[in-house]
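# Reading the structure
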Amino acid sequence: MRKFAGSCRFVFNKALALQKENREAGNKFIGYVSMAKQLTEWRNSAETFWLKEAPCHSLQHALKDLERAYQNFFAKRADFPRLKKKGNGASFRYPDSTQFRLDQANSRIFLPKLGWVRYRKSRNVIGELRNITVSSNGKKWFMSIQTEREVAKPKSMATTAIGIDVGITRFASFNDGNYIAPINSFKKQQTRLTKHQRRLSNKVKFSNNWKKEKTKVQKIHTDIANVRKDFLHKITTTISKNHALVCIEDLQVRNMSKSAAGTSEQPGIMVRQKSRMNRSILDQGWGLFRQQLEYKLDWSGGMLLTVPPEYTSQTCPCCEHISRDNRRTQAQFECVGCGYKNHADVVGAINILERGHRLLARGELVVFKPLEETGTRRSESVSI
């Protein structure tokens with residue numbers, strides 16, 4: 001399986017290098033059909049004859065993955081395709097259901113050039129088989145089987161709506177005053193991870209001891225990711241079952257966690273503090289939290305609304321006065337207009353829910369912005 005994944009990675013990288021050379025020469029993009037002919041030449045070449053050991057359809061699908069990556073780049077949905085590194089997300093796919101056979105009664109599956117493979121069944125496979133992806137995570141291998149079946153449109157049994165404000169000190173604050181403390185899986189393992197990374201850097205690269213230490217580092221990263229995923233799955237499952245409407249902020253996590261190092265000509269300021277903030281933001285997994293909420297609410301018949309995050313924690317929910325002075329500290333909110341007091345994250349969740357209701361009712365949202373000179377405010381209509 002490592003050989004198959006390595007062959008697919010090699011084909012992807014070789015095709016990407018060929019595409020870059022072709023682009024620098026001023027030629028048009030090479031389509032999948034032409035690139036598949038190149039793959040046939042690579043398989044028959046004396047230099048890369050070992051590609052024949054891998055399933056042909058899996059190698060062809062690596063070319064399709066590259067073409068999809070280019071399409072996302074041309075459509076400005078993703079960055080330019082990058083080379084795949086060894087050890088990062090090793091996987092390969094059987095794209096046609098006629099290539100494999102599933103025997104659920106005996107918990108085994110037949111894969112081309114691998115034969116019958118036993119697996120630990122986590123759930124029953126329901127529906128018509130489409131494709132299967134084999135991937136590695138640490139020392140373990142997983143199979144993801146995609147199926148197709150008709151499902152009745154779900155209807156949510158819940159009738160309540162909730163606004164959620166995510167943060168670092170409190171992972172999720174709700175408009176009713178409740179909150180969920182963060183798990184901080186990376187922070188808890190940071191000291192242990194640093195120790196093993198330091199040991200890894202002091203060993204001879206690619207030696208046996210280096211490989212053993214690298215396995216330990218990968219195991220720690222896997223544990224961190226698994227703890228975070230388990231935490232998020234439990235939270236999102238509870239929220240999606242108990243609420244029909246969930247409103248959250250449309251946060252741009254990538255922009256929020258950008259490095260502040262700057263350049264040699266224009267170095268950044270407070271780089272160490274910003275680096276700590278970035279680690280804390282990424283440790284929460286806000287993007288995965290939103291992704292899980294979206295598909296789980298869709299499964300349960302609920303709805304997820306994202307609203308602009310501007311001034312949610314600086315707007316008074318009683319008199320709608322907007323001021324930076326309303327938020328005295330990171331946690332304390334006290335309106336300078338009417339004196340309303342509450343936790344700043346709870347105030348943010350209340351405003352998020354209110355914006356979600358307005359968005360659901362009118363289809364567009366009016367976000368008020370303060371004018372520093374006069375102390376008044378102006379409105380800006382945001383269509384979503």
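These notes cover the structure that comes with them.

Let's shift gears to the overall build of the chain. Across its full length, the chain holds nine helices and 15 strands. Each principal axis of the C-alpha atoms in the chain carries an extent, and together these give about 80 × 60 × 45 Å. Classification of the 384 residues of the chain by burial places 35% in the buried group. Put simply, 57% of the contacts in the chain that link residues at least 6 apart link residues at least 24 apart. Approximately 24100 Å² of the chain is accessible, and the part contributed by carbon and sulfur atoms is 49%.

Next up on the list: the layout of surface pockets. As a volume, the largest pocket reaches approximately 1700 Å³. Around the largest pocket, the lining is made up of 36 residues, and of these Ser-122, Arg-123, Met-143, Ser-144 and Ile-145 lie nearest the centre. Secondary structure elements with two or more residues in the lining of the largest pocket: strand 4 (115-118), strand 5 (128-137), strand 6 (140-148), helix 5 (208-242) and helix 8 (286-300). Among the residues forming the lining of the largest pocket, the class breakdown is 17 nonpolar, ten polar and nine charged. Computed from the structure, the second largest pocket encloses a volume of approximately 1000 Å³. Residue assignment for the lining of the second largest pocket shows that the elements contributing at least two residues are helix 1 (2-24), strand 5 and helix 5. For the lining of the second largest pocket, the element with the highest residue contribution is helix 5, accounting for ten residues.

This part takes up the pairing of strand 5. Inspection of the sheet shows strand 1 (residues 91-94) paired to strand 5 by four bridges, in the antiparallel sense. Bridged to Ser-91 within strand 5 is Ser-135. The turn joining strand 5 and strand 6, which pair antiparallel and follow one another in sequence, is formed by two residues; a positive phi near 70° is taken by Gly-138.

If you trace the five strands from one edge of the open sheet to the other, you get 9-8-7-10-11, paired in mixed fashion. Either end of the sheet is taken by a strand with one partner, and the two such strands are strand 9 (179-180) and strand 11 (303-307). Both strand 8 (residues 172-174) and strand 9 contribute to a ladder of two bridges, which runs antiparallel. Directly across from Ser-173, in strand 9, lies its bridge partner Tyr-179. Sitting on the sheet, helix 8 is in contact with strand 7 (161-166), strand 10 (245-249) and strand 11, with an inclination near 140° to strand 11. Sitting on the sheet, helix 9 (residues 344-362) is in contact with strand 7, strand 8, strand 10 and strand 11, with an inclination near 130° to strand 7.

When two helices pack together, their arrangement is given by the angle between the helix axes and the distance between those axes. Between helix 5 and helix 8, whose axes approach to 9 Å, the crossing angle comes to 40°. With respect to the hand of their crossing, helix 5 and helix 8 are arranged in right-handed fashion. Facing helix 5, whose interface residues are Lys-229, Leu-232, His-233, Ile-235, Thr-236, Thr-237, Ile-239 and Ser-240, helix 8 presents Leu-288, Phe-289, Gln-292, Leu-293, Tyr-295, Lys-296, Leu-297 and Ser-300. Considering only residue class, the contact of helix 5 with helix 8 consists of eight nonpolar, six polar and two charged.

Moving on: the pattern of salt bridges. Scanning all chains against the criterion turns up twelve salt bridges. Where Arg-130 meets Glu-128, a salt bridge forms, and the shortest distance between an N and an O atom there is 3.8 Å. Judged by its relative accessible area of 35%, Arg-130 falls in the partly exposed class. Here Arg-228 makes a salt bridge to Asp-283, at a shortest N to O gap of 3.1 Å. Of this pair, Arg-228 sits in helix 5 while Asp-283 sits in helix 7 (residues 271-284); the two residues are 55 residues apart in sequence, bridging distant segments of the chain. Overall, Arg-228 belongs to the buried group, its relative accessible area being 16%. When its relative accessible area of 4% is taken as the criterion, Asp-283 is described as buried. Salt bridges here are not isolated pairs; linked through shared partners, they connect Glu-128, Arg-130 and Glu-148.

Topologically, Thr-312 is positioned in the loop between strand 11 and strand 12 (332-334). Overall, the relative accessible area of 3% leaves Thr-312 in the buried class.

What counts as what
- Residues numbered from 1 in each chain as written.
- Predicted model: local features only at pLDDT ≥ 70, side-chain atom pairs only at ≥ 80, totals over all residues.
- Heavy atoms only, no water.
- Helix = DSSP H or I, 4+ residues; strand = E, 2+ residues; numbered from the N terminus.
- Buried < 20%, exposed > 50% of the residue type's maximum accessible area, 1.4 Å probe, protein only.
- Contact = heavy atoms within 4.5 Å.
- Areas by Shrake-Rupley, 256 points an atom, 1.4 Å probe, with all protein chains shown as cover.
- 1 Å grid on protein atoms, 1.4 Å probe; cavity = no way out; pocket = protein on both sides within 12 Å on 5 of 7 lines; lining within 4 Å.
- Points joined across faces, edges and corners; volume = space filled by probe spheres on them.
- Nonpolar A, V, L, I, M, F, W, Y, C, P; charged D, E, K, R; others polar.
- Pairing = 2+ DSSP bridges.
- Axes fitted to C-alpha atoms, helices over the stretch in contact; angles between N-to-C directions.
- Left-handed = near helix turned anticlockwise from the far one by under 90°.
- Salt bridge = Lys/Arg side-chain N within 4 Å of Asp/Glu carboxyl O.

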